[in-house]
Amino acid sequence: LCYLPLDPNIILTNAIKTSKYNFFTFLPLNLFEQFQRIANAYFLFLLVLQVIPQISSLSWFTTVVPLILVLTVTAAKDATDDINRHRSDNRVNNRKVQVLIDRKLRSEKWMNVQVGDIIKLENNQFVTADLLLLSSSEPLNLVYIETAELDGETNLKVRQALPVTGDLGDDIEKLADFNGEVRCEPPNNRLDRFTGVLSFAGQKYSLDNEKILLRGCTLRNTEWCFGLVLFGGPETKLMQNCGKSTFKRTSIDRLMNILVLFIFGFLAFMCSVLAIGNYIWERNEGSQFTVFLPRLEDDPAFSSFLTFWSYVIILNTVVPISLYVSVEIIRLGNSFYIDWDRKMYYARNDTPAEARTTTLNEELGQIKYVFSDKTGTLTQNIMIFNKCTINGKCYGDVYDYTDTVDFSFNPLADSRFVFHDHSLVEAVKLENTEVHAFFRLLALCHTVMAEEKKEGELFYQAQSPDEGALVTAARNFGFVFRSRTPDSISIVEMGKQCNYELLAILDFNNVRKRMSVIVRSPEGKLSLYCKGADTIIYERLHQSCSKLMDVTTEHLNEFAGDGLRTLALAYKDLDEEYFNQWIQRHHEANTALEDREGKLDQLYEEIEKDLLLLGATAIEDKLQDGVPQTIEQLSKADIKIWVLTGDKQETAENIGYSCNLLREEMNDVFIISGNSLEDVQQELRNARTSMKPDAAENSEFLPEMDKGVKVVTDEVVNGEYGLVINGHSLAYALEHSLELEFLRTACMCKAVICCRVTPLQKAQVVELVKKYKKAVTLAIGDGANDVSMIKAAHIGVGISGQEGMQAVLSSDYSFAQFRFLQRLLLVHGRWSYLRMCKFLRYFFYKNFTFTFVHFWFAFFCGFSAQTVYDEWFITLYNLMYTALPVLGMSLFDQDVNDVWSFQHPQLYVPGQLNLYFSKKSFFKCALHSCYSSLVLFFIPYAAMYDTVRDDGKDIADYQSFALLTQTCLLFAVSIQMSYWTAVNTFFVLGSLAMYFAVTFTMYSNGMFTILPSAFPFIGTARNSLNQPNVWLTIFLTSILCVLPVITNRFLMIQLCPTINDKAKATPAPPTRRARIRRTSSRRSGYAFSHAQGYGDLVTSGRFLRRPALTRSSGFTHAGRTTTSFSPMGRSAGYSPTGRPQNNKVPDVEVTSLQMYRTITDSAP
């Protein structure tokens, strides 16, 4: 068997390598990566300067110790991660698989498998590489696979081999002699598609994704199968999808980069000033000291040059390397708080909240725009068949409940299905032709797969909850989908077994928004049944349906009042001769190697014309618990919520009212539905003029610039407004000439709903806001169609719901319910932002103060680059003496508790405005540090000047002054804490105790004896700290440093109170229950929640173990039989997981997922 890839450069081995280093490359590569960080490179440069004797006045260890500590910690973390990757690679590469070599099956390691090999897989084995399925042990050459490692979905999927290769079975000789050629696409990361052709015996056979087993899948419920290796190792689709995600940085990170550059500039300025001072001093005073300090060079300019670099070393603490380590520790700790929060744990599904990244926590406290999906995010994605309209008559009523319909005439009915309109059952029993056709369509036009363990005990596996609800409804009303084969569908129509020949499935995709089946009835009649979005179906109806279409439209408007999802149903009879011609062209298009999808779409468009309308269905998708209250809370926090949904405008609008996104109190809700660029532009301008009559007509409203990009400023309007825009209008609004007009109008509104949007448009809307607004965005969704939006936003949140795990796998944070979003933002986000800002302000304060004291000392030491502190104090200042208080504050600080955060959501607003840490607050911090450094230098200097001890001995020496200054510094910065809680007090007192313990130890006789050059301050501590005037100086400097802070806080609270001050002075408001609004005046719609590709799966027969057996229909009017079953879903509802909705999810599925099989067991 010959395999020919279209790309000749394809890697032929199957070994994978996800590790970055090996034993020899780890040290150089890791150091190279670490020194690409500007801070590490800067400190390495300082170390080089320190080994130059003419420059350095500091010992090398003052820089080496903190640098090595940071490099070691980071290297250890990187090494641990890479060792785990090596172990994972080795574990995978050394797995064994049977390979057909020289007409024998031999056990080989995965890494030795090559492209073109034929391998044998057995049940529960991982798929070795990307394989073309050749044959299997199952009837019809089916295999069952689990794709959880690829897409997070645990439901089994089915693949089927071509008949021409399936006949080979497990005959080794036939497999070895098979002579064919495979041509296929080059490696890519598209999991949902594959294009190739198998040439054999002069025939070409189309290969698609349904004949391929991808690496990462697991073989289930299949004894064995054989496959041809098409792609191996890094060329497999699994590895192609392992590319690096976009690295997201917080706004504080970006601000820090700017501030660090400013600090470098300021450092250069200070060093230049001191170098100039040294030049002047050397010229005027330096020559007088040559008698005491002879030197070879007496050039003031050269001395000034050396002094510049010396002060670069001494003042390096203005950019502390420990800052970056501390930031990562704080972020990690706050991430654990999210993971451990029991109030964000969803017990029903055993799903905790998860912080999937540790770098974005503080960004959660600055969100201004939330972009949300609707279905499955705001709603439960559990569908309930509520109403329908058939041939102009409306059935079903969700109000005025009477007795539920009795389905006892149908023993195959779902006992949990609830319906209240008896007239529909009567119409079915009276054999109304249109009603029967309506439910016949629902029973035939779908991709649901059925399992029947016992007679009458049916289990449906649907790939969308909508389909499950519709097929279950048809089942209860007497049209029971029983089983299917690749070319037939077996249903029970009012007790009569009927087998329909399945001739073609015209599959669903996001463009078509409909699906059709072509079947031949037992009487030989050819029919096409179609269901889809009503706007799509209406375009394809025969003109004779105009009156019925008007009546149906009225009913759809009524359904919309309850926010129901609608689906239109239509059919047509086909001519035999035309169909034979069409099916031939369909086969040719289906085997085309290029533009296969385009050719098929053209054929589908051709046959889906002149349809006859049957009616429409209405399905309820209920809101999740707590959604209205969450949206109300976020709105109070001045967070603007935009809903981006594929649903129709009317449905989305009514859901907006139901969840408090739109409110009757709003001044107006603008509908943008123009069909041209000019219409959309005029509607946007009209809306803007209504909100702000004096608003300019043009876009000359963008005075701010950010990196050359215009920034749309927020405009204040009187009142609250909403905006609803549909998909085709949004397409015009997103064009370059109109995007600013759209953004300006939308940002003036309190809520925005975009309907009928594609996944690409969702991402475009997010990118538009990111580009032109100085605001932080968050996107939240639960399905694969939300992934692009989640990745585009500053922060992506995934809901682990009914649509798989694709959104969660692409997100930064995940949880199970939308209502947890308010706790994530208002509590964890706000705390994280507040803690980080306080940390940065405090960190810069203590380090600027530390550094400025050096600056003032330079004017009293002849600009000689002598340090004002002991070298060991310089080394341990950030690493030991001041680390714990600032970390304690940054991990445990709460200005208000979580209850107050909910009761006062306006506390969230300062984060949106960057009030807690900005360039302005940074410069305030620098000025405060400047003042404190003046106090900390000149007060001890004055106190020590011409001072003697109690015993008359001199105390005004350099070492005593250094000790006093550093002790005053440590006390002054330690007491500048926001709150004196038990934790903070413990850390502050502990740090001070540690300082004195280390100081007395290092200044002891023993340490000096061991290493005199490293510990020169012998006896300084015990000789200085026993003097009362020293402690009086410490007390005085501490008071003078903290007094301006206390005064400023007092005056600000009295004169300019912040939101926090006002909230604390206000009694807690009573919690108000959100009012749910429902209306019956708005049109609803339906977002078809299919995934493409299931039609081919059905027609290829990849869903059952053996052909369906003939059974009795089981219908009787004498009463119910005992052959009932437990269907999926809630009362009248359907859940694709097949789990009871009110029970905790078990650890294991109910069955081993023979979901797609039909098995008849004899009753005991």
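Because the structure is predicted, anything quoted here is derived from the model rather than measured.

Concerning the pairing of strand 24 (residues 526-532)
With 7 of 7 residues buried, strand 24 lies mostly within the body of the structure. Covered by surrounding structure in strand 24 are Leu 526, Leu 528, Cys 530 and Gly 532 together with Ser 527, Tyr 529 and Lys 531, the residues of both alternating faces. Where strand 23 (residues 514-520) and strand 24 come together, 7 bridges link them in antiparallel fashion. Bridging from a neighbouring strand, Val 517 pairs with Tyr 529 of strand 24.

Examining the pairing of strand 26 (residues 612-623)
Counting buried positions along strand 26 yields 10 of 12 residues, so the element is predominantly enclosed. Strand direction decides the pairing type here: strand 25 (residues 565-573) and strand 26, joined by 7 bridges, are antiparallel. Bridge pairing in strand 26 links Arg 565 to Ile 619.

Topic: the confidence of the model for the chain
When pLDDT is averaged along the chain, the result is 80, and 82% of the positions lie at 70 or above. Overall, residues 1071-1089 carries pLDDT values under 50, and its contacts beyond four positions in sequence, including any with other chains, amount to 74 contacts. pLDDT under 50 marks residues 1102-1164. Its contacts with residues more than four places away, or in other chains, come to 195 contacts.

Section: the pattern of salt bridges
Following the criterion strictly, the structure yields 34 salt bridges and no others. A salt bridge links Lys 525 to Asp 573; the shortest N-O distance between them is 3.5 Å. With a gap of 48 residues between them, Lys 525 in the loop between strand 23 and strand 24 and Asp 573 in strand 25 connect regions that are remote in the sequence. The exposure class assigned to Lys 525 is partly exposed, which follows from its relative accessible area of 45%. Between Asp 898 and Arg 823 there is a salt bridge whose closest N-O contact spans 3.2 Å. Remark: Arg 823 occurs in helix 26 (residues 820-858) and Asp 898 occurs in helix 29 (residues 898-903); sequence separation between them is 75 residues. Here Asp 898 matches Arg 823 in class, with each residue buried. It is possible to trace a salt-bridge network through shared partners that takes in Arg 514, Glu 539, Arg 540, Glu 605 and Glu 608.

Focus on the packing of aromatic side chains
According to the stated counting rule, one finds 68 aromatic pairs in the structure shown. With a centroid separation of 5.9 Å and an interplanar angle of 35°, the aromatic rings of Phe 385 and Phe 419 are classed as tilted. One end of the pair, Phe 385, is in strand 16 (residues 379-390); the other, Phe 419, is in the loop between strand 17 (393-395) and helix 11 (422-429), with 34 residues separating them in the sequence. Each member of the pair, Phe 385 as well as Phe 419, is classed as buried. Arranged with centres 5.3 Å apart and planes meeting at 85°, the rings of Phe 844 and Phe 922 form a pair that is edge-to-face.

So, unusual backbone geometry
The backbone phi angle of Glu 431 is positive, close to 60°, even though this residue is not glycine. Its location among the elements puts Glu 431 in the loop between helix 11 and helix 12 (433-444). By relative accessible area, which is 58% here, Glu 431 ends up exposed. Even without a glycine there, the phi angle at Asp 610 is positive, about 55°. Among the secondary structure elements, Asp 610 is positioned in the loop between helix 17 (596-607) and strand 26.

Examining the sheet that holds strand 11 (residues 212-213)
Strands sit in the order 3-2-4-13-5-11 across an open sheet of 6 strands; the sheet is antiparallel. At either end of the open sheet lies a strand with only one pairing partner, and these are strand 3 (104-109) and strand 11. Taken together, the 2 bridges between strand 5 (residues 130-136) and strand 11 define a ladder with antiparallel strand orientation. Along strand 11, the bridge assignment pairs Leu 131 with Leu 213.

Here we look at the packing of helix 28 (residues 883-892) against helix 33 (residues 982-1002)
Packing of helix 28 against helix 33 brings their axes to within 8 Å, and their N-to-C directions diverge by 165°. Considering the angle they form, helix 28 stands roughly antiparallel to helix 33. The handedness of the crossing between helix 28 and helix 33 is right-handed. Two secondary-structure elements touch here, helix 28 through Leu 884, Pro 885, Gly 888, Met 889 and Phe 892 and helix 33 through Val 983, Asn 984, Phe 987, Val 988, Ser 991 and Met 994.

Calculation notes
- Residues numbered from 1 in each chain as written.
- Predicted model: local features only at pLDDT ≥ 70, side-chain atom pairs only at ≥ 80, totals over all residues.
- Heavy atoms only, no water.
- Buried < 20%, exposed > 50% of the residue type's maximum accessible area, 1.4 Å probe, protein only.
- Helix = DSSP H or I, 4+ residues; strand = E, 2+ residues; numbered from the N terminus.
- Pairing = 2+ DSSP bridges.
- pLDDT = per-residue confidence, 0-100.
- Contact = heavy atoms within 4.5 Å.
- Salt bridge = Lys/Arg side-chain N within 4 Å of Asp/Glu carboxyl O.
- Phe/Tyr/Trp six-rings, centres within 6.5 Å; stacked < 30°, edge-to-face > 60°.
- Axes fitted to C-alpha atoms, helices over the stretch in contact; angles between N-to-C directions.
- Parallel < 35°, antiparallel > 145°, perpendicular 65-115°, else oblique.
- Left-handed = near helix turned anticlockwise from the far one by under 90°.

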